[in-house]
Amino acid sequence: MAEHRVPAPVIPEGEKAKGPASYFPSIEKSYGRPIQEWLDLAADRLDSEPHMAVVAWLKDEHGLGHGHANAIVAYAKAILAK
């Protein structure tokens with residue numbers, strides 16, 4: 001399996017995700033794609049575009065709601081900053 005620049009979080013069984021990752025189960029259910037795909041798309045765009053431009057792109061091109069798009073971008077941006 002290829003390494004991802006922004007790997008999806010692994011939440012231990014019985015624990016709840018916190019912060020932007022708390023949206024990830026709902027994102028997968030609502031849009032039918034694994035969160036890893038969304039994180040990969042966001043990470044690639046963040047190389048050349050600011051946060052809100054990537055949020056707008058996810059909303060316009062992929063139909064995500066603002067909160068879901070922002071959660072993906074915020075999570076990806078935080079991991080890339082490490």
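Everything in this summary refers to the structure shown in the same document. (Residues numbered from 1 in each chain as written. Predicted model: local features only at pLDDT ≥ 70, side-chain atom pairs only at ≥ 80, totals over all residues. Heavy atoms only, no water.)

Some details on the packing of aromatic side chains
Phase 1 of the analysis: Applying the stated rule across the entire model yields two aromatic pairs.
Phase 2 of the analysis: A ring pair is formed by Phe24 and Tyr75, whose centres lie 5.2 Å apart and whose planes are at 80°; its orientation type is edge-to-face. Taken together, the residues Phe24 in helix H1 (residues 24–31) and Tyr75 in helix H4 (residues 66–80) connect sequence positions 51 residues apart. Of the two residues examined, Phe24 and Tyr75, each falls in the buried class.
Phase 3 of the analysis: For the ring pair Tyr31 and Trp38, a centre distance of 6.3 Å and an interplane angle of 75° mean the geometry is edge-to-face. (Phe/Tyr/Trp six-rings, centres within 6.5 Å; stacked < 30°, edge-to-face > 60°. Helix = DSSP H or I, 4+ residues; strand = E, 2+ residues; numbered from the N terminus. Buried < 20%, exposed > 50% of the residue type's maximum accessible area, 1.4 Å probe, protein only.)

Observations regarding the pattern of salt bridges
Phase 1 of the analysis: Scanning all chains against the criterion turns up four salt bridges.
Phase 2 of the analysis: Where Arg5 meets Asp44, a salt bridge forms, and the shortest distance between an N and an O atom there is 3.8 Å. Residue Arg5 is found in the segment before H1, and its partner Asp44 is found in helix H2 (residues 35–46); the two are separated by 39 residues along the sequence.
Phase 3 of the analysis: In this structure, Glu37 and Arg33 form a salt bridge, with 2.8 Å as the shortest nitrogen-oxygen distance.
Phase 4 of the analysis: Residue Glu37 is classed as partly exposed on the basis of its relative accessible area of 34%.
Phase 5 of the analysis: Looking at Arg33, the relative accessible area reads 28%, which means it is partly exposed. (Salt bridge = Lys/Arg side-chain N within 4 Å of Asp/Glu carboxyl O.)

With respect to the environment of Gly67
Phase 1 of the analysis: Mapping Gly67 onto the fold places it in helix H4.
Phase 2 of the analysis: For Gly67, a relative accessible area of 37% corresponds to the partly exposed category.
Phase 3 of the analysis: Considering only alpha carbons, one finds Gly67 and Tyr23, 44 residues apart in sequence, at a separation of 8.4 Å.

Some remarks on the environment of Asp60
Phase 1 of the analysis: Structurally, the position occupied by Asp60 is in helix H3 (residues 51–62).
Phase 2 of the analysis: A relative accessible area of 63% places Asp60 in the exposed class.
Phase 3 of the analysis: Taking C-alpha positions, Asp60 is 19 Å from Asp47, a pair spaced 13 residues apart along the chain.

Observations concerning the environment of Ile35
Phase 1 of the analysis: Looking at the secondary structure, you find Ile35 in helix H2.
Phase 2 of the analysis: Overall, the relative accessible area of 5% leaves Ile35 in the buried class.
Phase 3 of the analysis: Along the primary structure Ile35 and Pro9 are separated by 26 residues, whereas in three dimensions their C-alpha atoms are 9.3 Å apart.
Phase 4 of the analysis: Not counting chain neighbours up to four residues away, the residues in contact with Ile35 comprise Ala8, Phe24, Ile27, Glu28 and Ile72. (Contact = heavy atoms within 4.5 Å.)

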